[in-house]
Amino acid sequence: MKGGVFYGKGIRELKEEEPDLYTLAESISNVCYNGQVLDYKTQKLIAIGIEASKSDARAIKQQMISTMQELGATKEEIMDVLRVVLITSGMPAFNKAVKILNSI
């Protein structure tokens, strides 16, 4: 997580209501998205693939939008990720993610 950009609505609400939990969530995110070997953008593209494989529409859209807006990911880069989703998770997960990408 870089600068709180990728937190969903629930996490943002924690910041005000439960600051200790928010700090913990922020710390975990910073440890996971540390870019020691893979750069942050690559890590976020992986996150898109994981969410797409799970077919979680809300999370797919959130990951795609934030990665495109904040890290400059292109539709073509995301389609490369979704091709891997097709081969590993199948056509339904792939189709759902492509539909979401095309709606953005």
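In this report, we go over the structure that sits alongside the text. Every value quoted in this text rests on a predicted model; they were computed, and no experiment measured them. (Residues numbered from 1 in each chain as written. Predicted model: local features only at pLDDT ≥ 70, side-chain atom pairs only at ≥ 80, totals over all residues. Heavy atoms only, no water.)

We now examine the overall build of the chain. The helix and strand tally for the chain stands at six helices and zero strands. In the chain, the succession of helices and strands from N to C terminus is α-α-α-α-α-α. When the backbone C-alpha atoms are referred to their principal axes, the chain occupies close to 40 × 30 × 20 Å. A buried classification covers 33% of the 104 residues belonging to the chain. Considering only residue pairs separated by 6 or more positions, the chain has 54% of its internal contacts joining residues 24 or more positions apart. Distance between charge centroids for the chain: 8 Å, based on 13 positive and 13 negative side chains. (Helix = DSSP H or I, 4+ residues; strand = E, 2+ residues; numbered from the N terminus. Buried < 20%, exposed > 50% of the residue type's maximum accessible area, 1.4 Å probe, protein only. Contact = heavy atoms within 4.5 Å. Lys, Arg positive; Asp, Glu negative; His and termini not counted. Charge placed at Lys NZ, Arg CZ, Asp CG, Glu CD.)

Let's shift gears to the packing of helix α4 (residues 57-71) against helix α6 (residues 91-103). α6 packs onto α4 with a crossing angle of 45° between their chain directions and a minimal axis gap of 10 Å. The angle between α4 and α6 falls in the class oblique. Viewed along their axes, α4 and α6 form a crossing whose handedness is right-handed. Across the interface between the two elements, Ala57, Ile60, Lys61, Met64 and Met68 of α4 pack against Lys96, Ala97, Ile100 and Leu101 of α6. (Axes fitted to C-alpha atoms, helices over the stretch in contact; angles between N-to-C directions. Parallel < 35°, antiparallel > 145°, perpendicular 65-115°, else oblique. Left-handed = near helix turned anticlockwise from the far one by under 90°.)

Turning next to the pattern of salt bridges. Inspection of every chain in the model, using the stated rule, returns three salt bridges. A salt bridge links glutamate 77 to lysine 41; the shortest N-O distance between them is 3.1 Å. One end of the pair, glutamate 77, is in helix α5 (residues 75-89); the other, lysine 41, is in helix α3 (residues 40-54), with 36 residues separating them in the sequence. According to the relative accessible area criterion, glutamate 77 is partly exposed, its value standing at 28%. With a relative accessible area of 22%, lysine 41 lands in the partly exposed category. (Salt bridge = Lys/Arg side-chain N within 4 Å of Asp/Glu carboxyl O.)

Turning next to unusual backbone geometry. The residue serine 55 is not glycine, and still its phi comes out positive at about 60°. By the element assignment, serine 55 lies in the loop between α3 and α4.

All right, on to the nonpolar core then. In globular proteins that are soluble, nonpolar side chains generally tend to be buried together. In terms of nonpolar packing, the biggest core is built from 17 residues, with Met64, Ile78 and Leu82 touching the most fellow members. Every element with two or more residues in this core is listed here: α3, α4, α5 and α6. With six residues, the top contributor of residues to this core is α6. Residues within four places of methionine 64 in sequence aside, it is in contact with Ile48, Ile78, Leu82, Ala97, Ile100, Leu101 and Ile104. (Core = buried A, V, L, I, M, F, W, Y, C linked by side-chain atoms within 4.5 Å.)

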